[in-house]
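Listed here are the chains, written in short residue letters.
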Amino acid sequence: MIAEDILAKEFARVVSHYYPNIGELLDGCYVKVITCFWGRPARRLQYIGIYCSEEIIPYVQANKEVLREVADNMGLIQVVCINARRLLRDPMSKLKQSEPRLWLELQLVAT
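Everything quoted here is computed from the prediction, not taken from an experiment.

## Some words on the packing of aromatic side chains
Following the criterion strictly, the structure yields one aromatic pair and no others. On the basis of an interplanar angle of 50° and a centroid distance of 6.1 Å, the ring pair of tyrosine 30 and tyrosine 51 is categorised as tilted. On the criterion of sequence distance, the pair formed by tyrosine 30 in strand E1 (residues 30–38) and tyrosine 51 in strand E2 (residues 43–52) is long-range, its members being 21 residues apart.

Put into structure tokens, the structure is as follows:
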């Protein structure tokens, strides 16, 4: 099984190689593979989370079908765009305590 961070880097590399314009958009984003468990018995599902600033989200969502196609070819089920600034400003978020490195990287993306 491939580690999630390696899979996320490979996703970004494949997108940059085959779709350079979309790859430039992803350079300003934080790409992460998110794992969840669903169903009975629980199945392991992985999808791509793209954390973007407010200005970049419309451009990424315009190319979402291409990103979903690449994710599907890599065995991932979905691509989700997440507003990094909104996540950082959420008063109920425990992200700073649970994953401080991700929190710092999202600070860079949001600015």
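## Quick word on the sheet that holds E1
Here we have three strands laid out as an open sheet, ordered E1-E2-E3, and mixed in their pairing. With one partner strand each, in any of the chains shown, E1 and strand E3 (79–83) form the two edges of the open sheet. For this sheet the average axis-to-axis angle between neighbouring strands, irrespective of direction, equals 35°. Examined bridge by bridge, E2 and E3 share five bridges and lie parallel to one another. If you follow glycine 49 over to E3, its bridge partner there is valine 80. The sheet strands contacting helix H1 (residues 4–18) are E1 and E2, and the helix crosses E1 at an angle near 130°. Docked against the sheet, helix H4 (residues 64–73) engages E2 and E3, running at close to 125° with respect to E3.

## What about the side chain of lysine 64?
By the element assignment, lysine 64 lies in helix H4. For the buried residue lysine 64, which engages in no salt bridge, the nearest side chain bearing the opposite charge is glutamate 65, 8.0 Å off. When residues no more than four places from it in sequence are discounted, the contact partners of lysine 64 are Val79 and Cys81.

## Let's talk about the environment of leucine 67
Within the secondary structure layout, leucine 67 lies in helix H4. Sequence spacing of leucine 67 and glutamine 78 is eleven residues, and the spatial spacing of their C-alpha atoms is 8.8 Å. Residues in contact with leucine 67, not counting those within four places in the same chain, are Phe11, Val15, Ile22, Leu26, Ile50, Val60 and Val79.

## Describing H1
Here H1 spans 21 Å end to end across 15 residues, near enough to the 21 Å set by a 1.5 Å rise per residue. Leu7, Ala8, Phe11, Val14 and Val15 are the residues of H1 that are buried. Buried positions in H1, seen along its axis, are confined to an arc of 125° and lie on one side of it. Exposed and oriented more than 90 degrees from the buried face of H1 are Ile6, Lys9 and His17. Summarising the contacts, the buried residues of H1 are in contact with helix H2 (20–27), E1, E2 and H4.

## Some words on the confidence of the model for the protein chain
For the protein chain, mean pLDDT is 89; residues scoring 70 or higher make up 98% of the total. Across the protein chain, H4 holds the top mean pLDDT of 94, while helix H6 (residues 95–98) sits lowest at 83.

The rules behind the values
- Residues numbered from 1 in each chain as written.
- Predicted model: local features only at pLDDT ≥ 70, side-chain atom pairs only at ≥ 80, totals over all residues.
- Heavy atoms only, no water.
- Phe/Tyr/Trp six-rings, centres within 6.5 Å; stacked < 30°, edge-to-face > 60°.
- Helix = DSSP H or I, 4+ residues; strand = E, 2+ residues; numbered from the N terminus.
- Pairing = 2+ DSSP bridges.
- Axes fitted to C-alpha atoms, helices over the stretch in contact; angles between N-to-C directions.
- Contact = heavy atoms within 4.5 Å.
- Buried < 20%, exposed > 50% of the residue type's maximum accessible area, 1.4 Å probe, protein only.
- Lys, Arg positive; Asp, Glu negative; His and termini not counted.
- Salt bridge = Lys/Arg side-chain N within 4 Å of Asp/Glu carboxyl O.
- Expected span 1.5 Å × (residues − 1).
- Arc of directions from axis to C-beta.
- pLDDT = per-residue confidence, 0-100.

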